[in-house]
Amino acid sequence: MLLTADVPPPEPVAGRIPGNKGIWAGILSEMTEFALLFGVYFVARAHYPEVFREGPARLSTLAGTLNTVMMISGSYFVAKAVHAIRQNRQQACLRWLLLVLLAASGYLLIKALEFRWNLSQGVTGGMNLFFTVYYYLTFTHMVHVVWGMMGLMWVMVRTRSGAYSPADHDGLEAFASYWHATDLAWLVIFPLLYVLH
Amino acid sequence: MTHEKLLDRLWLLLVALTLGGAWIGEAVEPGLAVTLIISLTMAFKGRIVVDHFMELKTANRMLRNLMRGFFYVLPAVNVLTILFGDWLARLTTL
C-alpha cells in the first residue's frame, strides 16, 4: 500500500521491540561491555583520585564537547530519518541519513585531531591510569561508531533502492537503535572523562 | 505537540545541556555539588535518548527497564565513588 506524505504515519505498536531481536542482543552486549569499562573507571578513580582529578584538565574540553554535539545530533538525525520513512518520505529519509553520515564523519575527524593534539602535548596512554582508561574507553567507542557507519551506509543503500516503507522499515529501526546506543555510551564517557575534575 | 516538533526541541535541549555541562566543568570549582549536577544531567540526557529518540517509552518493557536502568545506576555509582571512594578502593585491593 502506498501512503502519501499527508497521511499520518502509523503509530508504533506499544510493547514492541524496535528493529529486531538480533540487534538488541548486540546492543545489550555493547552496553554490558561499556558497563564493565565504566566499572574499571570507577575502581581506578577510587584508587587514584588525584590522578583522575587532574587528568581531565589535560584533555581538550572543546573536542569532547564538539564530539558530544556530533553524537547527539547524529541520534536526532536518525530519529528524524525513521519519522520520515513512516511518512513514506524516502528522499527526506535519505537526506537525514546523509546528515547522520556527516555527523559521524565529523566525530571521527574531531577524534583524530584530538588524539594528534594529545600526542603533541605528550598525553599518552602510559602516562597514568586516567589516560589508560581514557584511551581504552574512547578507542572502544570509536570502533563502535565505525561499525555503526558501516550499518549506516547499508541502510542508505537500502533506503535509496526503496526497500523501506511505512509498513516495513525494521532494518532502518535496527540501525537507529544501534546508533542511539552508541550515543548513550558517549553520554556517559563525556562527563566522566572531560567534565568531572 | 507533534512527534517531529518534540524531537526538534529535545535535540536543542540536549545540545544546551551539553554546552552547560562543559561550562560547569571548566568554570565551576569541583566538588560534590558539581558532581551531583553533572550526574543528574547525565541521567536526564540518557533518559531523553532512551525514551524519545530510541522510542522505548512505549516499547518492550524489559528493554525499556534495562536501558533506563543504565542511566539510574551509572550516575548513582558516579556519586557514590566520590562519597565512598576509600571504601571502594579497600574493597577492590588485591
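None of the values given here were measured: they were computed from a predicted structure.

Here's the deal with helix 3 (residues 61–86) of chain A
With 26 residues, helix 3 of chain A should reach 38 Å at 1.5 Å per residue; the first-to-last C-alpha distance of 38 Å fits that figure. With 22 of 26 residues buried, helix 3 of chain A is to be regarded as a mostly interior element.

Quick notes on the interface of chain A and chain B
Taken residue by residue, the interface counts 46 residues in chain A and 43 residues in chain B. Here chain A and chain B share an interface that buries about 3,900 Å² over both sides, 75% of which is from carbon and sulfur atoms. Broken down residue by residue, the surface that chain A buries against chain B is led by Phe42, Tyr76 and Leu184 of chain A, which jointly contribute 15%. At the boundary of chain A and chain B, one finds four salt bridges. Across the pair aspartate 8 of chain B and lysine 80 of chain A runs a salt bridge whose closest N-O atoms are separated by 2.8 Å. Across the chain A-chain B interface, the total number found is 13 residue pairs in polar contact (both at pLDDT 80 or more). Those elements giving two or more residues to the side of chain A that touches chain B turn out to be helix 1 (21–47), helix 3 and helix 6 (170–195) of chain A. Split into classes, the residues belonging to the side of chain A that touches chain B amount to 27 nonpolar, 12 polar and seven charged.

Notes on the pattern of salt bridges
Throughout the structure, instances matching the rule amount to 10 salt bridges over all chains. Residues glutamate 55 of chain B and arginine 16 of chain A are paired through a salt bridge, measuring 3.2 Å at the closest nitrogen-oxygen approach. Taken together, the residues glutamate 55 of chain B in the loop between helix 2 (32–53) and helix 3 (61–83) and arginine 16 of chain A in the segment before helix 1 connect one chain to another. We classify arginine 16 of chain A as buried; its relative accessible area is 18%.

A word on the side chain of arginine 68 of chain B
All names here are of chain B. Mapped onto the fold, arginine 68 is located in helix 3. On the basis of relative accessibility, which here comes to 16%, the residue arginine 68 falls in the buried class. Here aspartate 51 takes part through its side chain, which lies 3.0 Å from a polar atom of the side chain of arginine 68. The residues contacting arginine 68, other than those within four sequence positions of it, are Arg47, Val50, Asp51 and Lys57.

Concerning the packing of helix 3 of chain A against helix 4 (residues 90–120) of chain A
Residues and elements named next belong to chain A. Running from N to C, helix 3 and helix 4 point in directions that differ by 165 degrees, and their axes come no closer than 8 Å. Between helix 3 and helix 4, the interaxial angle falls into the category roughly antiparallel. Relative to helix 4, helix 3 is oriented so that their crossing is left-handed. Classifying every residue of the contact of helix 3 with helix 4 gives 19 nonpolar, four polar and three charged.

With respect to the side chain of lysine 80 of chain A
If you trace the backbone, lysine 80 of chain A turns up in helix 3. Of the residues examined, lysine 80 of chain A reaches a relative accessible area of 4% and is grouped as buried. Residues contacting lysine 80 of chain A, with those up to four places away along its chain left out, are Trp96 of chain A together with Glu4, Leu7 and Asp8 of chain B.

Here's the deal with the nonpolar core
If you look at the biggest cluster of nonpolar residues, it comprises 85 residues, and the most contacted ones within it are Phe38, Leu97, Tyr134 and Leu184 of chain A together with Met67 of chain B. Among the elements of the structure, helix 1, helix 3, helix 4, helix 5 (129–160) and helix 6 of chain A together with helix 1 (3–27), helix 2 and helix 3 of chain B are those that each provide at least two residues to this core. Considering every element that reaches this core, the biggest residue donor is helix 6 of chain A, with 17 residues. What methionine 67 of chain B contacts, discounting residues up to four positions off in sequence, is Trp24, Ile27, Leu28, Met31 and Leu184 of chain A together with Val50, Met54 and Leu56 of chain B.

So, the packing of helix 2 of chain B against helix 3 of chain B
All names here are of chain B. With their axes 9 Å apart at the nearest point, helix 2 and helix 3 run at an angle of 170 degrees to one another. In terms of orientation, helix 2 lies roughly antiparallel with respect to helix 3. Every residue of helix 3 that contacts helix 2 at Leu32, Thr35, Leu36, Ser39, Met42, Ala43, Gly46, Arg47, Val50 and Asp51 is listed here: Met67, Arg68, Phe71, Tyr72, Pro75, Asn78, Val79, Ile82 and Leu83. In the contact of helix 2 with helix 3, the residues fall into 12 nonpolar, four polar and three charged.

Overview of the confidence of the model for chain A
Residue and element names in this part refer to chain A. Residue-level pLDDT values for chain A average 94, and 94% of them are 70 or greater. Model confidence for chain A, summarised as mean pLDDT per element, is weakest for helix 2 (residues 49–54) at 95 and strongest for helix 4 at 98. Counted against residues more than four places away or in other chains, residues 1–5, with its pLDDT under 50, gives six contacts.

Focus on helix 1 of chain A
With 27 residues, helix 1 of chain A ought to run about 39 Å at 1.5 Å a step, and its terminal C-alpha atoms sit 39 Å apart, in line with that. Taken as a whole, helix 1 of chain A has its buried residues at Trp24, Ile27, Glu30, Met31, Phe34, Leu37, Phe38, Tyr41, Phe42, Ala44, Arg45 and Ala46 of chain A. If you follow the buried residues of helix 1 of chain A, they end up packed against helix 2, helix 5 and helix 6 of chain A together with helix 3 and helix 4 (85–91) of chain B. One side-chain oxygen of the residue at the start of helix 1 of chain A lies 3.2 Å from the amide nitrogen of glycine 22 of chain A, identifying that residue as asparagine 20 of chain A.

Considering a nonpolar patch on the surface
Residues and elements named next belong to chain B. Residues Leu32, Leu36, Leu80, Ile82, Leu83, Phe84, Trp87 and Leu91 make up a contiguous nonpolar surface patch of roughly 780 Å² in combined accessible area. Those elements that provide at least two residues to the nonpolar patch are helix 2, helix 3 and helix 4. Ranked by the residues each element gives to the nonpolar patch, the list is headed by helix 3, at three residues. Along the chain, leucine 91 turns up in helix 4. Residue classification places leucine 91 among the exposed positions, given a relative accessible area of 57%.

About the thresholds
- Residues numbered from 1 in each chain as written.
- Chains lettered and ligands numbered in written order.
- Predicted model: local features only at pLDDT ≥ 70, side-chain atom pairs only at ≥ 80, totals over all residues.
- Heavy atoms only, no water.
- Helix = DSSP H or I, 4+ residues; strand = E, 2+ residues; numbered from the N terminus.
- Expected span 1.5 Å × (residues − 1).
- Buried < 20%, exposed > 50% of the residue type's maximum accessible area, 1.4 Å probe, protein only.
- Contact = heavy atoms within 4.5 Å.
- Buried area = accessible area lost by both parts, 1.4 Å probe.
- Salt bridge = Lys/Arg side-chain N within 4 Å of Asp/Glu carboxyl O.
- Polar contact = N/O pair within 3.5 Å; in protein donor to acceptor, adjacent residues only side chain to side chain.
- Nonpolar A, V, L, I, M, F, W, Y, C, P; charged D, E, K, R; others polar.
- Axes fitted to C-alpha atoms, helices over the stretch in contact; angles between N-to-C directions.
- Parallel < 35°, antiparallel > 145°, perpendicular 65-115°, else oblique.
- Left-handed = near helix turned anticlockwise from the far one by under 90°.
- Core = buried A, V, L, I, M, F, W, Y, C linked by side-chain atoms within 4.5 Å.
- pLDDT = per-residue confidence, 0-100.
- Patch = residues over 30% accessible without salt bridge, like charges linked within 9 Å, V, L, I, M, F, W, Y side chains within 5 Å.
- Areas by Shrake-Rupley, 256 points an atom, 1.4 Å probe, with all protein chains shown as cover.

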